[in-house]
Amino acid sequence: MLECILSADLSLLRFFNSGNSVYFDALVPMLTSGLTWIPLYIALFYLVVKNHETMAQIGLIVATAVVCVCLAGGIGDFIVKPMVGRLRPCNDPMVKAQLNLVAGTLSESYSFFSSHAANTFSLAMFFSLLVRDRLFTIVMFLWALLNCWTRLYLGVHYPSDILCGMLYGSFVGVVVYLAFYKLFYKFNIKFQYISSQYTASGYAKADIDVVVATLVFTIAIVALLAFGNISI
């Protein structure tokens, strides 16, 4: 049974792995970089600041978002990965020969589970529960899935690493949000907004549009830069 699972894992990885596309080989390393998404994080901070009145409220949300990342990626990187000790596909001599690896793809840490998947899904889940807007939720989870796909394309994780990271990250996002919700409304009045201009939790849809536009614009810029890297 274990051999069948591992075989299916490798088969799925080979499906998602690099197809020797010159363009995607230039694009994906930029998409998988945390620095690429700094504009998105700034836009999320803008959303929080614009829709809360006090520094205490803003600070609590920022702190809980940081807790999401620490619990999701931190536990994966410093506890689970060393304990499991699973080699990354790109570092496994028995596997990497079957993959199309992008030049310069290096990662010395272990594979299980994916911190990229855990981090992005924890943030997507936390902010989706916080904001309560359908479009925002779809966009945030698509962003998280995009990050997961880049890890498979580069051959630095198996699909099972990604799946477990997604599930664990989502769990962390829910738990951290529930803790935040209990603490936040212990000191603040709870309102239920009924308006076409605001979500049920009181976030202005115009500010949500800023976050969505920032994400789309970031991806568009990276897509254009990838063309430039091809010609270099």
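Given the structure is predicted, the values throughout are model-derived calculations rather than measurements.

Trainee: Now, about the overall build of the chain: what can you tell me, with residues and values included?
Mentor: Looking only at helices and strands, one finds 8 helices and 0 strands in the chain. When the helices and strands of the chain are read in sequence order from the N terminus, they spell out α-α-α-α-α-α-α-α. What you see for the chain is a C-alpha radius of gyration of 19 Å, in line with the 17 Å of a compact globule of 232 residues. Along the first, second and third principal axes, the C-alpha atoms of the chain reach 60 × 45 × 25 Å. Within the chain, the fraction of its 232 residues that count as buried is 45%. Residue pairs in contact within the chain that sit at least 24 positions apart in sequence constitute 80% of those at least 6 positions apart. One way to put it: in the chain the 13 positive side-chain charges average out to a point 8 Å from where the 11 negative ones average out.

Trainee: Mind laying out the pattern of salt bridges, listing which residues take part and the relevant values?
Mentor: Counting across every chain of the model gives 4 salt bridges. Here D77 makes a salt bridge to K81, at a shortest N to O gap of 3.1 Å. Taken as a pair, D77 and K81 lie in helix 4 (residues 55-84) at a separation of 4 residues, close to a single helical turn. R86 is the salt-bridge partner of D161, the closest N and O atoms lying 2.9 Å from each other. Placement of the pair is D161 in helix 7 (residues 159-187) and R86 in the loop between helix 4 and helix 5 (115-131), with a sequence separation of 75 residues. Summarising the burial analysis for this pair, D161 and R86 share the class buried. Shared partners join several salt bridges into a network, and the residues in it are D9, R86 and D161.

Trainee: Could you give an account of the nonpolar core, with specific residues and numbers?
Mentor: One finds F126, F127, L130, F136 and W143 to be the most contacted residues of the largest nonpolar core, which totals 55 residues. For this core, the secondary-structure elements that each account for two or more residues are helix 1 (2-16), helix 2 (22-31), helix 3 (38-50), helix 4, helix 5, helix 6 (134-153), helix 7 and helix 8 (205-231). Broken down by element, this core gets its largest block of residues, 10 residues, from helix 5. Setting aside residues no more than four positions away along its own chain, W143 makes contact with W37, L40, Y41, T120, L123 and L215. One finds C90, V102, Y153 and V156 within the second-largest nonpolar core, a separate group that totals 6 residues.

Trainee: Give a description of helix 5 that names residues and reports values.
Mentor: When the terminal C-alpha atoms of helix 5 are compared, their 24 Å separation across 17 residues agrees well with the 24 Å that a helix rising 1.5 Å per residue should span. Looking at where helix 5 begins, the residue whose side-chain oxygen comes 3.4 Å from the main-chain nitrogen of H116 is S114. Following helix 5 by one or two positions, R132 adopts a phi angle in the positive range, close to 60°.

Definitions and limits used
- Throughout this document, residue positions are counted from 1 along each chain, in the order its sequence is written.
- Given that this is a predicted model, residues contribute local features only at a pLDDT of at least 70 and side-chain atom pairs are listed and counted only at 80 or more, while totals for whole chains, interfaces and linings are drawn from all residues.
- The basis for the side-chain values is all heavy atoms of the structure; hydrogens and waters are excluded.
- Only DSSP runs of H or I with at least four residues qualify as helices, and only runs of E with at least two residues qualify as strands; both kinds are numbered from the N terminus onward.
- To get the radius of gyration, use the C-alpha atoms; to get the globule rule, take the number of residues to the power 0.38 and multiply by 2.2 Å.
- Partly exposed describes any residue whose relative accessible area lies between the buried limit of under 20% and the exposed limit of over 50%, with all areas from a 1.4 Å probe on protein chains only and scaled to the type maximum.
- Residues are treated as being in contact if the distance between any of their heavy atoms lies within 4.5 Å.
- Two residue types count as positive, namely Lys and Arg, and two as negative, namely Asp and Glu; His and chain ends fall outside the count.
- For charged residues, the charge sits on one atom: NZ in Lys, CZ in Arg, CG in Asp, CD in Glu.
- In the sections that follow, a salt bridge refers to a side-chain nitrogen of Lys or Arg positioned within 4 Å of a carboxyl oxygen of Asp or Glu.
- Residues belong to one nonpolar core when they are buried, are Ala, Val, Leu, Ile, Met, Phe, Trp, Tyr or Cys, and are joined through side-chain atoms within 4.5 Å.
- To estimate the expected span of a helix, count its residues, drop one, and scale the result by 1.5 Å.
- What qualifies as a polar contact is a pair of N or O atoms within 3.5 Å, subject to a donor-acceptor requirement within protein and to the restriction that residues adjacent in sequence count only when both atoms come from side chains.

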